[in-house]
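Understanding the architecture of this molecule
One letter stands for each residue in the lines below.
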Amino acid sequence: MSETHIKSIDSNDMILTLCQSVSNVITTATGCKTNYAPLIQKITKTILSPDIGTFVMFTGSFSGMVVLNFPKETAMEIYTKYMKNMGMKDDEIAKNYTQEEVSNTLGELMNQILGNFTRIISEDLHIRIDQSQPKMLVLPREVQISISVNLDNPKYGKVTFNTEGGNVFYVELAMDDTSFVALKGFESRTELSPDDILEQYKQV
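Predicted model, so just to flag it, every value in this text is computed and none were measured. (Residues numbered from 1 in each chain as written. Predicted model: local features only at pLDDT ≥ 70, side-chain atom pairs only at ≥ 80, totals over all residues. Heavy atoms only, no water.)

1. So, the nonpolar core
Core analysis: the biggest nonpolar cluster contains 42 residues, and F58 and V66 have the highest contact counts within it. Elements with a contribution of two residues or more to this core: α1 (11–30), β6 (52–60), β7 (64–70), α2 (72–85), α3 (100–125), β11 (154–162) and β12 (168–176). Looking at this core element by element, the count peaks at nine residues for α3. Each residue touching V66, except ones within four places of it in the same chain, is listed here: L18, T54, F55, V56, F58, M110, L114, V171, E172 and L173. Judged by nonpolar contacts, the second largest core, of six residues, contains L48, V67, L139 and I145. (Core = buried A, V, L, I, M, F, W, Y, C linked by side-chain atoms within 4.5 Å. Buried < 20%, exposed > 50% of the residue type's maximum accessible area, 1.4 Å probe, protein only. Helix = DSSP H or I, 4+ residues; strand = E, 2+ residues; numbered from the N terminus. Contact = heavy atoms within 4.5 Å.)

And the structure:
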């Protein structure tokens, strides 16, 4: 395995890794390609917005929070394709985004996404990151979430994702404005492929 010579890893690199985890996990879960815009939008706060918002906090070598906001059309597309990909019949699938099964499924996907993200970051940078359990809310209107973890000069970013069905959802990341500078070359571990991720989920 070759050595990786990294000068610096910063919050933008973390957001890119998060976007790759979101895309890989949802693509694998639904069997349909999920893409993200090649731009990071600078924001000043994280917001849970209608129709389903889910968030999870992480702590360790650096701290932060990830928020995923799903309009109802997107929530139903991802939920329905995920259930069908798992072999569930049409008459067993929820028909309305307000049903508990939909938010629970998106919460499960959030848990998988953060598990993949923190594992990649922890292994590639040789650091420790722990995540909390995802929280989900079905929202009639926009609300602001106050981050309950201590952040050193927090940095915020937002990325737009597109589903194969033409719907959108949004990923927001708030984290310490930090960077990691390599003292020496070190081994880079191989990132899990979508097939590897799916195989892990089947074993749960």
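2. With respect to the side chain of D51
Here D51 lies in the loop between β5 (47–48) and β6. For the buried residue D51, which engages in no salt bridge, the nearest side chain bearing the opposite charge is K72, 5.5 Å off. In this structure the side chain of D51 is engaged in a polar contact, spanning 2.8 Å, whose partner is the backbone nitrogen of K72. Apart from the residues lying within four places of it in its own chain, the contact partners of D51 are F70, P71, K72, Y97, L137, V138 and L139. (Lys, Arg positive; Asp, Glu negative; His and termini not counted. Salt bridge = Lys/Arg side-chain N within 4 Å of Asp/Glu carboxyl O. Polar contact = N/O pair within 3.5 Å; in protein donor to acceptor, adjacent residues only side chain to side chain.)

3. Focus: α1
Between its first and last C-alpha atoms α1 spans 28 Å; for 20 residues at 1.5 Å apiece the expected length is 28 Å, and the two agree. Extensive coverage of α1 is indicated by the burial of 16 of its 20 residues. Of the residues flanking the start of α1, the one acting as N-cap is D10, its side-chain oxygen 3.1 Å from the backbone nitrogen of N12. Where α1 ends, the next residue or the one after it, G31, has phi of about 75°, a positive value. (Expected span 1.5 Å × (residues − 1).)

4. Here's the deal with the packing of aromatic side chains
Here the structure, examined in full by the defined rule, presents six aromatic pairs. Taking the centre distance of 5.0 Å and the plane angle of 20° together, the rings of F161 and F169 count as stacked. Each member of the pair, F161 together with F169, is buried. Through a chain of ring-to-ring contacts, the aromatic side chains of Y36, F70, F161 and F169 assemble into a single cluster. (Phe/Tyr/Trp six-rings, centres within 6.5 Å; stacked < 30°, edge-to-face > 60°.)

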